[in-house]
Amino acid sequence: MVASIISQLPPEPTHHSTVQVNEKSIDLSLTPTETESLTWIQRWRCVSPYMVTAIQSFMIQFISGLNDGNLGIILPSIKAHYGLSQYVVSIIFLCNALGYITAAILNGYLIKYFSQSKTALIGACSMIIGYLVNLFAVPFPIMCIFMMTIGFGIALTQAAANVVCGEMPYSMLMLSFLHAFYAGGALVGPLLASGLLSSQKTWNTSYMILCGLAGANAISVFICYRKLRTDSEKELDAEKERVLQNHENSQQIQQQAQQQETSSSTTVTTAPVIEPDQESMTSKEDTHKNSNLLSQIFEYKITTIGSVFLCFYTGLEVTIGNWGYTFLINMRSTDTTAMAHLMTGYWSGICAGRLFLGFATSRFGEKRMVYCYLSTIVVMLILFWALPYVGANAISLIITGCALGPIFPTMVSVAQRLVPNHLYATIVGFLSAFASAGTAIFPYASGVLIGSEGVSSMLPFCIAVAATMLITWIFIPDPRPSTKFTAKVNSWMGQFRFWKRS
């Protein structure tokens, strides 16, 4: 399936300049017209060397989706087991958010001092610890502490998965598949949890399954990512090798100069001076490049605005996925199994959107298509809120899921084309971790709102979040050359800024 879709797409401009295929170098930044001569076999061979790490990244996203989809279904059982109010049980989401935010801050430094592969392994082990403790149904305060561990681990592994697929050829397509696996996990999660609960199993049984999957994930991360080197790490290795070579060259020149000092005095004064200066300049550049990572990444608008946008995006996605079930069984029908299947339709829509709308997004432009997706989401959520019919709600949920699906991979693909190579892993890690924080902050806020105003307040809250995303997307830079549409939007923004200053 991946090969057939790749055969229809031209390579996207990425940080990769060439790939060897049949002893022939293929330029991945060629235009669509220039790549028509490539066969689908050649295009598949561009991607096939990366497939082991790509499949591992897909597994990471599947487990992350399984975790999020499972939590929404077992939440009422956790509340009943501990005898908690709606306010208190929502602290689970807040603790998850603290883990995600911690990962956002530490991810860049962990990559710098260890490596991307070891950072992913740290995240995978953190997930095992969190699931292992929670499967024993420990007291609620302890459970909350280890929810932070789970959130920290998920954020680190998701960041690694996004970096791996974002640096592959056909990055937009591979990111779409990556996030489709997240939706696939979130699709299976409600079915798994509802199946266990309906067969009279306790809520923590699902954590036994997650713990086993997390253990298998840690082993496969160690094996598949063991030789992983991101583009920024490869650049750093090349830079160190160049500095070392310069140092060796300067020593050779000095030795030659000393040998010839009796015959030529000019060689002594001029030859050895240039290379050491270049070496010291390079060392200063390396020090500047690798110091104070957070201040460097915040120089790019995509970091600040993109992290806010993705935080709202994942917050909306998971709020609907987690609290949508509670809304349906309270406001639409008491048939818990049927309502769980309705939420499965929502996650199926997200999965389908990521699989099949990535091509349309690349074809017609990221900026334009995301405007269409967000507008569709707002309209569908209003219909979901206004129409008290299960059939209409099912259609609204599926279409909302389809429209939500391609937005995250599109955002990561946009970031990949706007930031320098040496900061890409850090910036995408920051974006992914803040996106993961949204999966906890907004469900927590929804839980507090539901506790005070009732479950009917969930959908107006979701509509407001979707509208905010639509406004925020205006400020995201467009990676493509300006079209009439984007030029008009930029003109409006310029007029707005001039009016604000005056």
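Residues numbered from 1 in each chain as written. Predicted model: local features only at pLDDT ≥ 70, side-chain atom pairs only at ≥ 80, totals over all residues. Heavy atoms only, no water.

K.L.:
Would you explain unusual backbone geometry in this entry?
P.N.:
The phi angle of most residues is negative, glycine excepted, and most peptide bonds adopt the trans form. Of note, the phi angle at Ala-137 is positive, near 50°, even though the residue is not glycine. Tracing the chain through its elements places Ala-137 in the loop between helix H6 (116-134) and helix H7 (140-166). The exposure class of Ala-137 is partly exposed, given its relative accessible area of 25%. In this structure, Gln-200 is a non-glycine residue whose phi angle is positive, near 65°. (Helix = DSSP H or I, 4+ residues; strand = E, 2+ residues; numbered from the N terminus. Buried < 20%, exposed > 50% of the residue type's maximum accessible area, 1.4 Å probe, protein only.)

K.L.:
When you look at the pattern of salt bridges in this model, what are you seeing that I'm missing?
P.N.:
When charged atoms on two side chains of opposite charge get close, those side chains can pair. Scanning all chains against the criterion turns up 2 salt bridges. With its nearest N and O atoms 3.0 Å apart, the salt bridge here joins Arg-354 to Glu-317. With Arg-354 in helix H14 (residues 336-356) and Glu-317 in helix H13 (residues 301-331), this pair connects stretches of sequence that are 37 residues apart. The exposure class assigned to Arg-354 is buried, which follows from its relative accessible area of 1%. With relative accessibility at 2%, the residue Glu-317 sits in the buried group. We note a salt bridge from Arg-417 to Glu-366, for which the minimum N-O separation is 2.6 Å. Taken together, the positions of Arg-417 in the loop between helix H18 (407-416) and helix H19 (421-453) and Glu-366 in helix H16 (residues 366-386) put the pair 51 residues apart, joining distant regions of the chain. The exposure class assigned to Arg-417 is partly exposed, which follows from its relative accessible area of 26%. (Salt bridge = Lys/Arg side-chain N within 4 Å of Asp/Glu carboxyl O.)

K.L.:
Explanation requested: empty space enclosed by the protein in the structure shown.
P.N.:
To locate leftover empty space, one rolls a probe as large as a water molecule over the atoms. Here the structure, examined in full by the defined rule, presents 4 cavities of 30 Å³ or more. Here the largest cavity is characterised by a volume of approximately 140 Å³. Lining the largest cavity are 17 residues, and of these Gln-158, Tyr-182, Thr-314, Phe-408 and Thr-439 lie nearest its centre. Residues of the lining of the largest cavity, tallied by class, amount to 6 nonpolar, 8 polar and 3 charged. (1 Å grid on protein atoms, 1.4 Å probe; cavity = no way out; pocket = protein on both sides within 12 Å on 5 of 7 lines; lining within 4 Å. Points joined across faces, edges and corners; volume = space filled by probe spheres on them. Nonpolar A, V, L, I, M, F, W, Y, C, P; charged D, E, K, R; others polar.)

K.L.:
Mind showing me how you'd approach the environment of Ile-150 here?
P.N.:
Its location among the elements puts Ile-150 in helix H7. Residue classification places Ile-150 among the buried residues on the basis of a relative accessible area of 0%. In this structure Ile-150 touches Asn-67, Met-127, Gly-130, Tyr-131 and Asn-134, once residues within four positions along its chain are discounted. (Contact = heavy atoms within 4.5 Å.)

K.L.:
What should I look at first to understand helix H5 (residues 91-113) in this one?
P.N.:
Since the α-helix packs 3.6 residues into each turn, any two residues three or four apart lie on the same face. For H5, spanning 23 residues, the distance from its first C-alpha to its last is 33 Å, which sits close to the expected 33 Å at 1.5 Å a residue. The largest bend in H5 comes to about 45°, at Leu-106. (Expected span 1.5 Å × (residues − 1). Bend = angle between axes of the 7 residues up to and from the residue.)

K.L.:
I'm lost on a nonpolar patch on the surface in this one. Help?
P.N.:
A contiguous nonpolar surface patch, about 350 Å² in accessible area, is contributed by Val-379, Leu-383, Leu-387 and Tyr-389. In this structure Val-379 comes out as partly exposed when scored by relative accessible area, which is 45%. (Patch = residues over 30% accessible without salt bridge, like charges linked within 9 Å, V, L, I, M, F, W, Y side chains within 5 Å. Areas by Shrake-Rupley, 256 points an atom, 1.4 Å probe, with all protein chains shown as cover.)

K.L.:
Even after reading the chapter, I still don't get the side chain of Thr-400, so can you show me in this structure?
P.N.:
In this fold, Thr-400 is placed in helix H17 (residues 390-404). Within the structure, the side chain of Thr-400 is placed 2.7 Å from the backbone oxygen of Ser-396, a separation counted as a polar contact. For Thr-400, the contacting residues outside a window of four places in its chain are Ile-320, Tyr-346, Ile-377, Met-380 and Leu-381. (Polar contact = N/O pair within 3.5 Å; in protein donor to acceptor, adjacent residues only side chain to side chain.)

K.L.:
When you look at the packing of aromatic side chains in this model, what are you seeing that I'm missing?
P.N.:
Think of a pair of aromatic rings as described by two things: how far the centres are apart, and how the planes are tilted against each other in angle. Summed over the entire model, instances satisfying the criterion amount to 13 aromatic pairs. Each ring, one from Phe-58 and one from Phe-181, has its centre 4.7 Å from the other, and the planes form 5°; the classification is stacked. Residue Phe-58 is located in helix H3 (residues 51-82), and its partner Phe-181 is located in helix H8 (residues 171-198); the two are separated by 123 residues in the primary sequence. With relative accessibility at 34%, the residue Phe-181 sits in the partly exposed group. Look at Tyr-346 and Trp-347: their rings are 5.1 Å apart centre to centre, the planes differ by 65°, and that puts the pair in the edge-to-face class. Each member of the pair, Tyr-346 as well as Trp-347, is classed as buried. Seen from the ring of Trp-473, Lys-367 lies directly overhead, with NZ or CZ sitting 5.2 Å from the centre. (Phe/Tyr/Trp six-rings, centres within 6.5 Å; stacked < 30°, edge-to-face > 60°. Lys NZ or Arg CZ within 6 Å of the ring centre and 35° of its normal.)

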